[in-house]
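A closer look at the structure
Each chain, letter by letter, is given below.
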Amino acid sequence: MSYNVIQPQKTKTGTRYYLYEVTAEWDPVKKCSKQKRRYLGPCDEKGNLLKKPAKKQTIVRSPSYGPYYIMWNLARDSHLDEVLTKVYGAGNAKRLLALAILGITDPGSGDLLEETVEDTYLRELMDMDWSFEQSEVCRFLQTVGEDAGRREDLFAELCPGKGCMIFDIVCMGTDSDGLEYSEAGRKARFTGSKQFNLGMVHSMEDGLPFCYRTYPGSVADVVTLDMIVADLKRMGCDGFEMVMDRGFFSAGNVELMMERSAGFTVPVPARNPILKLLISDSVKDIESPLNTDYLAGSSVRGYETRVLLEEGEFSIDPDKGTIRAVVFQDDARRQTEVSTLYRRIGEMESFLADRKYDAFLPKKLSANQIEIYNLLEVSDANGRYDIRRKRNAITAKENGCGRFAVLTTSDLPWKELMIEYRQRNDVEYDFSQLQSDLFMGIKGKSDQKSAEGGLLVNFLSLRLRLTLLDRMKAAGITDEMWIPKFMKIMRKLRITLVGDEWRLNEVTRKQRELISKLGLPLL
């Protein structure tokens, strides 16, 4: 038989109480009973323990903590959780965020999503009770995919309203026959899959995407651009500027943007005749001290003129031109490209000098080799090559080294415009690095509703991953590792349930350092 005894003890600061378990035992030698006490711990005056005895606590589970803690806190810091709650309600917002986080921390988990979640602290972090069963996740994706109205509300909430924006479009493959916008396109004969186009708009202010659109695989760029401009204006965007890549350069697109009173900055492709005219026009003045500045360890130069668009043709007209054109030059890059050009010319000359004359050689050369071959005048000299350099062709090629041109409606000074365009390149590079990982899920979606729901989750994953990448860049973490390695290190940080109390496992120096650099508290 046992019972508890409260033992008071007076101290200088008051009275403390300790709890003991008393057990009566029979002593066969002395033929009498005796008492044994076992200390249980400090208690209050009523005998309630102030902390639980460690000996009675057992380890229940020890899930992964690090990656989920980081992504959940980034979602809150960026207010993505607030926006989703406002649009979808608290329950669905948490489900969307949980799926988006798992798309980053556990890509490719697919059918094993429920098992994956069981070894994570995600449910506890987000205070949610959801099974993550495959059938339930599929029904949820169909529900949110069908609700186009809320999706548009989400885009409107995330839209910055004005400023500089980046529009990028990629061609995606799908094996599903149930998607309305999938069709056979130019890539079908190589991949065996149908395709569709995914357009995404990023804000230059924070580098994050805030809107996406899906288009049929064969839709023309000018139609795509018209749709997205109309969509942005419907969202309430005013005074925005679209920064696009060379693929969107055409007389039709430039004319469309001007008719819609939409700002734009678009680079001129290398093979477009207007680029050759702009570079030739800039050669005389671009290296003037009045057109030169310093940026990122190199001398940079800018030359401005005006371009006239008439009947689908561009021409340089400084007086009557309605479109601003800027030619940029980076001296460091130009020096490297000029050196590379003459090195390749020398290599081609040596290559030809050691061979017998072959009239069909151009058909055997690669695209890079034929580009240099065409800068040389080649003839048959008694079965050997007679080689002479084409002065005008090489001069034109050299003039283009380290130089590019843009057409723009922006009134920024040329140096600030150059910085803006370089930022666009950084965002495009990050997007291209991540899109293959984040949009693989669309291939397996069998119907339109599921595909739309999957794209929404992928979109949220992209925002979160770019938010993490931006923090990593600012802290210098990307100098030593990329996101997969970062996740591998943080996955080893676990939290253990002892009895009914969660206790964070030992945090390594590297983990503590990474969390600190991201500006997050360690609980």
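In the block above lies the structure referred to throughout.
None of the values given here were measured: they were computed from a predicted structure.

1. What to know about the overall build of the chain
- Per the secondary structure count, the chain includes 18 helices and 18 strands.
- Across the 523 residues in the chain, those meeting the buried criterion constitute 45%.
- Restricting the contact set of the chain to residue pairs at least 6 apart, pairs at least 24 apart contribute 63%.
- When the accessible surface of the chain is split by element, carbon and sulfur atoms take 48% of a total near 27,600 Å².

2. Quick word on helix α2 (residues 80-88)
- Among all positions in α2, only Leu80, Asp81, Val83, Leu84, Val87 and Tyr88 are buried. Projected down its long axis, α2 shows its buried positions confined to an angular sector of 160°, all on one face.
- For α2, the elements touching its buried residues are α1 (66-77), α3 (90-105), α6 (134-146), α7 (148-158) and α16 (448-474).
- In the stretch just after α2, Gly89 is the one whose phi turns positive, near 90°.

3. Description of the environment of Gln448
- One can find Gln448 in helix α16.
- Considered as a pair, Gln448 and Gly145 are 303 residues apart in the sequence and their alpha carbons are 7.9 Å apart.

4. Some thoughts on the packing of helix α17 (residues 483-491) against helix α18 (residues 509-517)
- Interaxial distance between α17 and α18 falls to 10 Å at its minimum, and their mutual angle equals 125°. When the interaxial angle is binned, α17 and α18 end up oblique. Crossing of α17 over α18 shows left-handed handedness. Residues Phe486, Ile489 and Met490 of α17 form the contact with α18, whose participating residues are Lys510, Gln511, Leu514 and Ile515.
- The residue makeup of the contact of α17 with α18, split by class, is five nonpolar, one polar and one charged.

5. What to know about the side chain of Arg463
- Its location among the elements puts Arg463 in helix α16.
- The side chain of Arg463 sits in the buried core without any salt bridge; Asp206 is the nearest counter-charge, 4.8 Å away.
- In this structure Arg463 touches Leu80, Leu158, Leu208, Pro209 and Phe210, once residues within four positions along its chain are discounted.

6. Quick word on the pattern of salt bridges
- Inspection of the entire model under this criterion finds 31 salt bridges.
- Between Glu21 and Arg38 there is a salt bridge; the shortest N-O distance is 3.0 Å. With Glu21 in strand β2 (residues 14-27) and Arg38 in strand β3 (residues 32-43), the pair connects residues that are 17 residues apart, well separated along the chain.
- A salt bridge links Lys86 to Glu157, with the nearest nitrogen and oxygen atoms 3.1 Å apart. Here the residue Lys86 occupies a position in helix α2, and Glu157 occupies one in helix α7, the gap between them amounting to 71 residues.
- On the basis of relative accessible area, Lys86 is assigned to the exposed category, the value being 61%.

7. Topic: the pairing of strand β7 (residues 209-216)
- Counting buried residues along β7, six of its eight residues qualify, which places the element largely inside the surrounding structure.
- Relative to β7, strand β6 (residues 194-203) runs antiparallel, the two sharing seven bridges. From the neighbouring strand, Met200 faces β7, where its bridge partner is Tyr212.
- Between β6 and β7, which pair antiparallel and follow one another directly, the connecting turn spans five residues, one of which, Gly207, has a positive phi of 75°.

8. Points about unusual backbone geometry
- In this structure, Phe132 takes a positive phi of about 60° despite not being glycine.
- Along the polypeptide, Phe132 turns up in the loop between α5 (122-126) and α6.
- At Ala296, a position not held by glycine, the phi torsion is positive, near 50°.
- One can find Ala296 in the loop between β10 (292-295) and β11 (298-310).

9. With respect to the packing of aromatic side chains
- Taken as a whole and assessed by the stated rule, the structure comprises 13 aromatic pairs.
- Summarising the aromatic geometry, the rings of Trp130 and Phe140 are spaced 5.4 Å apart at their centres and angled 70° between planes, so their arrangement reads as edge-to-face. Within this pair, whereas Trp130 is found in the loop between α5 and α6, its partner Phe140 is found in helix α6, the two being separated by 10 residues in sequence. Phe140 shares its class with Trp130; the two are buried.

10. A short note on the environment of Leu417
- Following the sequence through the fold, Leu417 ends up in helix α15 (residues 414-438).
- Spatially, the C-alpha atom of Leu417 lies 9.7 Å from that of Val406, the residues being 11 residues apart in sequence.

11. A word on the sheet that holds strand β1 (residues 2-11)
- Spatial strand order, β1-β2-β3: three strands in an open sheet with antiparallel pairing. Taken across any chain shown, the strands that pair with only one partner, and hence form the sheet edges, are β1 and β3. The sheet shows a mean angle of 30° between the axes of neighbouring strands, direction not considered.
- Direction of pairing for β1 relative to β2: antiparallel, over a ladder of 10 bridges. Note on β2: the bridge partner recorded for Ser2 is Thr23.

12. Examining the packing of α16 against α17
- At a closest axis distance of 11 Å, the pairing of α16 and α17 adopts a crossing angle of 90°. Taken together, α16 and α17 sit at an angle that is classed as roughly perpendicular. Where α16 approaches α17, its residues Arg465, Leu468, Leu469 and Met472 are matched on the opposing element by Ile483, Pro484, Phe486 and Met487.
- Per-class residue counts for the contact of α16 with α17 are seven nonpolar, no polar and one charged.

13. Side note on the nonpolar core
- Formed by 110 residues in total, the largest nonpolar core has its most connected members in Ile70, Phe314, Leu407, Leu468 and Phe486.
- Here the element with the most residues in this core is α16; it accounts for 11 residues.
- The residues contacting Leu407, other than those within four sequence positions of it, are Phe249, Phe264, Thr265, Val266, Val268, Val307, Phe314, Ile323, Arg324 and Ala325.
- Counting residues in each nonpolar core, the second largest holds 15 residues, with Met204, Val243, Leu295 and Phe404 among its members.

14. Some remarks on the environment of Arg422
- Turning to its location among the elements, Arg422 is positioned in helix α15.
- On the accessibility criterion, Arg422 (27% relative accessible area) is partly exposed.
- Sequence-distant contacts of Arg422, defined by excluding residues within four places in its chain, comprise Leu295, Ala296, Val300 and Asp330.

Cut-offs used in this document
Residues numbered from 1 in each chain as written. Predicted model: local features only at pLDDT ≥ 70, side-chain atom pairs only at ≥ 80, totals over all residues. Heavy atoms only, no water. Helix = DSSP H or I, 4+ residues; strand = E, 2+ residues; numbered from the N terminus. Buried < 20%, exposed > 50% of the residue type's maximum accessible area, 1.4 Å probe, protein only. Contact = heavy atoms within 4.5 Å. Areas by Shrake-Rupley, 256 points an atom, 1.4 Å probe, with all protein chains shown as cover. Arc of directions from axis to C-beta. Axes fitted to C-alpha atoms, helices over the stretch in contact; angles between N-to-C directions. Parallel < 35°, antiparallel > 145°, perpendicular 65-115°, else oblique. Left-handed = near helix turned anticlockwise from the far one by under 90°. Nonpolar A, V, L, I, M, F, W, Y, C, P; charged D, E, K, R; others polar. Lys, Arg positive; Asp, Glu negative; His and termini not counted. Salt bridge = Lys/Arg side-chain N within 4 Å of Asp/Glu carboxyl O. Pairing = 2+ DSSP bridges. Phe/Tyr/Trp six-rings, centres within 6.5 Å; stacked < 30°, edge-to-face > 60°. Core = buried A, V, L, I, M, F, W, Y, C linked by side-chain atoms within 4.5 Å.

Any functional reading would require information that these geometric values do not contain.
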